[in-house]
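Observations on the model geometry
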Amino acid sequence: MQNPYLPYPVRIDEIITETEDRSLKTFKFVFLNPADEEKFTYESGQFGELSIPGLGEIPIGIASSPMEKGFIKFTIFKTGKVTSYLHAMKEGDIMGVRGPLGHPFPWKTLEGKNIVIIGGGFAFTTLRSSIISMLDPANRSKFKDIHVIYGARSPGMLLYKDELAAWAKRDDIHMNITVDGTDDPDWKYLTGFVPTVTEQKAPPGNSDTYAIICGPPIMIKFTQPVLDNLGYNHDNILMSLENKMKCGIGICGRCNIGKDFVCKDGPVFTLSQLNNMPKEY
Amino acid sequence: MKLIKIDKQSWDEGIEKTKSAYRVFGPVKEKNDHEFKLLEKSELPDLNYQNTRLSPKSIIYPQSQIMFTYSLDENKEDFRIMKEVENVKSPMAIIGIRPCDALSFPIVRRNFDTPEYQDTYWIKAYEATTFVGLACNTACSTCFCTSAGTGPFGEEGLDVLLIADGDDLYAKIITPKGEAFASSAGWTMEAESAVASKIDEMKTTAESSIASSVATDQLKNKTTLELYDAPFWEQEAFACINCGTCTYVCPTCWCFDVQDETYGKSGIRMRNWDSCMFPLFTHHASGHNPRNLKYERVRQRFMHKLKYYVDKYDNGIQCVGCGRCIRFCPVNIDIRKICDKMNSFDPEACACEVTSS
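Just so you know, these numbers come straight off a predicted model, no measurement behind them.

The subject of this paragraph is the overall build of chain A. Regarding its fold elements, chain A presents eight helices and 15 strands. Relative to the compact-globule value of 19 Å for 281 residues, chain A shows a C-alpha radius of gyration of 18 Å, a close match. If you line up chain A on its principal axes, its C-alpha atoms span 50 × 45 × 35 Å. By residue count, 49% of the 281 residues in chain A fall in the buried class. In chain A, of all internal contacts separated by at least 6 residues, the share reaching a separation of at least 24 is 70%.

Time to look at the environment of B:Ala237. Residues and elements named next belong to chain B. Residue position: Ala-237 is located in helix H8 (residues 233–237). The buried category is assigned to Ala-237, around which 21 C-beta atoms lie within 10 Å. C-alpha separation for the pair Ala-237 and Tyr-295, spaced 58 residues apart in sequence, amounts to 5.1 Å. Apart from the residues lying within four places of it in its own chain, the contact partners of Ala-237 are Lys-294, Tyr-295 and Val-298.

Moving on: the packing of helix H1 (residues 8–18) of chain B against helix H5 (residues 176–185) of chain B. Two numbers describe a pair of packed helices, the interaxial angle and the distance between the axes. Residues and elements named next belong to chain B. Taken N-terminus to C-terminus, the directions of H1 and H5 make an angle of 110°; their axes are 7 Å apart at the nearest point. Taken together, the axis directions place H1 and H5 in an arrangement best described as roughly perpendicular. Between H1, through Gly-14, Ile-15, Lys-17 and Thr-18, and H5, the contact on the second element is made entirely by Phe-181, Ser-184 and Ala-185. Class assignment for the residues of the contact of H1 with H5 results in three nonpolar, three polar and one charged.

Of note, the bond from A:Gly99 into A:Pro100 is cis; its omega dihedral lies within 30 degrees of zero at -5°. Here the amide bond leading from A:Gly266 into A:Pro267 is cis, since omega sits at 0°, within 30 degrees of zero. Within the fold, A:Pro267 resides in the loop between strand E14 (260–261) and strand E15 (268–270). The phi dihedral of B:Lys31 falls on the positive side, at around 50°, and the residue is not glycine.

Residue and element names in this part refer to chain A. According to the domain assignment, chain A contains domain 1 (8–101) and domain 2 (107–240). Taking only C-alpha atoms into account, the centre of domain 1 sits 24 Å from that of domain 2. For the side of domain 1 that touches domain 2, the residue count by class is six nonpolar, seven polar and four charged.

Our next topic: the interface of chain A and chain B. Contact with chain A, which involves 34 residues of that partner, is made by 38 residues of chain B. Mapped by element, the contributors of at least two residues to the side of chain A that touches chain B are strand E4 (56–61) and strand E6 (94–101) of chain A. In terms of residue count, the dominant contributor to the side of chain A that touches chain B is E6(A) (three residues). For the side of chain A that touches chain B, the class distribution of residues is 15 nonpolar, 13 polar and six charged.

Another aspect to go through is helix H7 (residues 217–229) of chain A. Residue and element names in this part refer to chain A. With 13 residues, H7 should cover 18 Å at 1.5 Å per step; its first-to-last C-alpha distance of 19 Å lies within 8% of that length. Buried within H7 we find Met-219, Thr-223 and Leu-227. The first or second residue beyond H7 is Gly-231, which carries a positive phi of 90°.

What follows concerns the nonpolar core. Generally speaking, a soluble globular protein has its nonpolar side chains buried in company with each other. Counting residues in hydrophobic clusters, the biggest one holds 161 residues, and the most contacted among them are A:Ala211, A:Ile212, B:Ile94, B:Val132, B:Val160 and B:Ala171. Ignoring sequence-local partners within four residues, the contact set of A:Ala211 consists of A:Val116, A:Ile118, A:Leu227, A:Tyr232, A:Asn236, A:Ile237 and A:Leu238.

Residues and elements named next belong to chain B. Reading across from one edge, E5-E4-E11-E10 is the order of the four strands in this open sheet, with antiparallel pairing throughout. Only two strands of the sheet have a single neighbouring strand rather than two, namely strand E5 (83–84) and strand E10 (256–263). When strand E4 (residues 64–71) meets strand E11 (residues 266–273), the two strands line up antiparallel, connected through seven bridges. By the bridge assignment, Ile-66 is partnered in E11 with Met-270.

With that settled, consider the sheet that holds strand E2 (residues 23–30) of chain B. All names here are of chain B. With mixed pairing, seven strands are arranged side by side in an open sheet as E1-E9-E8-E7-E6-E2-E3. Whereas interior strands pair on both sides, the edge strands pair on one side only; in this sheet they are strand E1 (2–6) and strand E3 (33–38). Ignoring strand direction, the axes of neighbouring strands in this sheet form an average angle of 25°. Along the sheet, helix H6 (residues 194–208) makes contact with E1, strand E8 (160–165) and strand E9 (168–173), crossing E8 at roughly 85°.

We now examine the packing of helix H10 (residues 294–313) of chain B against helix H12 (residues 335–343) of chain B. Residue and element names in this part refer to chain B. Remark: H10 packs on H12, axes separated minimally by 11 Å, with the N-to-C direction vectors making an angle of 60°. For the element pair H10 / H12, the angle class is oblique. Regarding H10 and H12, the two cross each other, and that crossing is right-handed. Packed against H10, whose contacting residues are Phe-302, Leu-306 and Lys-307, the element H12 presents Ile-335, Ile-338, Cys-339 and Met-342 at the interface. Here the contact of H10 with H12 is built from residues that sort into six nonpolar, no polar and one charged.

Moving on, we come to the domain arrangement of chain B. Residues and elements named next belong to chain B. Domains assigned within chain B are domain 1 (2–208) and domain 2 (219–356). Domain 1 and domain 2 are separated by 27 Å when their C-alpha centres are compared. At the level of elements, E4 and helix H3 (99–112) are the ones that each hand at least two residues to the side of domain 1 that touches domain 2. Counted by class, the side of domain 1 that touches domain 2 contains 16 nonpolar, 13 polar and four charged residues.

For the rest of this paragraph, the subject is the environment of B:Arg80. Turning to its location among the elements, B:Arg80 is positioned in the loop between E4 and E5. Discounting residues that sit within four places of it in the chain, B:Arg80 has contacts with A:Pro53, A:Ile94, A:Met95, B:Tyr70 and B:Leu72.

Residue and element names in this part refer to chain A. With respect to the helices and strands, Met-277 occurs in the segment after helix H8 (271–275). Residue Met-277 is classed as partly exposed on the basis of its 18 C-beta neighbours within 10 Å. In this structure, the C-alpha to C-alpha distance between Met-277 and Gly-258, residues 19 residues apart in sequence, is 6.1 Å. Once you skip the residues sitting within four places of it in the chain, Met-277 turns out to touch Ile-257, Gly-258 and Asp-260.

Basis of the calculations
- Residues numbered from 1 in each chain as written.
- Chains lettered and ligands numbered in written order.
- Predicted model: local features only at pLDDT ≥ 70, side-chain atom pairs only at ≥ 80, totals over all residues.
- Helix = DSSP H or I, 4+ residues; strand = E, 2+ residues; numbered from the N terminus.
- Rg over C-alpha atoms; globule rule 2.2 N^0.38 Å.
- Buried ≥ 20, exposed ≤ 12 C-beta atoms within 10 Å, placed from the backbone.
- Contact = placed C-beta atoms within 7 Å.
- Axes fitted to C-alpha atoms, helices over the stretch in contact; angles between N-to-C directions.
- Parallel < 35°, antiparallel > 145°, perpendicular 65-115°, else oblique.
- Nonpolar A, V, L, I, M, F, W, Y, C, P; charged D, E, K, R; others polar.
- Domains from an automatic or database assignment.
- Expected span 1.5 Å × (residues − 1).
- Core = buried A, V, L, I, M, F, W, Y, C linked by C-beta atoms within 7 Å.
- Pairing = 2+ DSSP bridges.
- Left-handed = near helix turned anticlockwise from the far one by under 90°.

Here it is in structure tokens:
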């Protein structure tokens, strides 16, 4: 019997400060035991429990893609006890990771479909993973058009700026990068809130088009009616939820929404599913 | 099924004999109540009791349990690496557990032992344990086991069922695990054939002494959102003080928290019973709390036991009818009343009531 609570030891290989306010950092981890990397075989949309002995564990979406080998990446917002400590850790430090946990985005269903990725703020981590996976030469032909609408408060608050710029130059992905507002004269992308940009740029809904939305509640609240107007079926709208978690494997009992656990049965749900669940998230 | 007669002397001697092969737990009187304790040498379980104040769940699932240890000493090779604590369970036996509490273990097992993940701590302790039950000849006014999936002579979850008839004690062997326990105690004398029908009579009498019940037949047919949005939750939760007593005394409440405790340069990761009655249970680091209000937490407790569990496992309610939460609730919240409200809830009738008022 495998102990599902035992973290794999990892070393912090690299720390990248993502945003101008330094509230978001990306941590690249390397497994101390190479065999553990095999066990941590994941798909985009899943999460891991990052474990710091003496402080506790935090559930964080996996920002790296399974197509990237030799490491896993997590982008972390400094907000509580564990994340604040993590932000003060250094490259070379040892900690732990458990996972992969939860269900990924439904990649089998998404094959052959148009994909519209809508992200806001720092909820772009598993979306980055998804984009990297889909754009990989081994996978790109499996999907039709790929649209991305990603917004942040200001240019300096966008995650993965170099990658965003590189994707914007490609012809096999429609990038719509937006900020709420900026006085930067060099800003060459869009200005406006995510729901407005979605209204203007997203393709109309049909059975072959799926939207994946991750963002702050306010963004989701105003984007949903836009997608309704565009004709998106609620089965074709995918969301990734968060709740307070401890075990991450559906046992400790706190992250439930109705009979489903965000950790084990989610974190990915369709809007149709969520419509029939209590709003306890 | 084998029926054994145990006389006073072979009971005393048998319990003592089993202690060489098992860690034996049994009800012992402590102040005003009985509690399950590890029996010391020559200590006997006190079978003259109704039920314990706390359920025996902590024998399998301790209130605090060390999961891992770690070192924060940078000079050590295992600096910041979690290490498993030794988790080898020697055989245990729980003597005198009531049938309601016995049923709680198969219920809780559905949470800890799943196809995807196995909680090694719970499972090893459970598998090492032999459950020796004691049939109830009389009931409390708060007992409703017969409508909660078992009964005063219920056998689910038990390896042996003891039946006390005056000074006579009989043991019904239910599983091979129970057989092994009885033989380690040296209990081999088969009861006379007339005893079986006597026990059936006692069972019928005991069952008819259970005066209260819950109706659960309609819970599955209701939609989750209808029950969730039912108008009675705020009123039912009004008196609740969120003390969490109901969840701690409940044999089927399984939720836990995980905490690290550091002493100097070393520490432990442990899990502790937690309660859905506490605001921190679901409090996000951002400050947001999806169950911020008291009534939302009360609703969660009852919806979990009487709707979510029912839908998830299709195996009855997550309640064994022991009545502890009713007896120990400081504000007299009664799961039987709430279960009946949920079971008989008609959202359309309710809508009419609201419109007409």
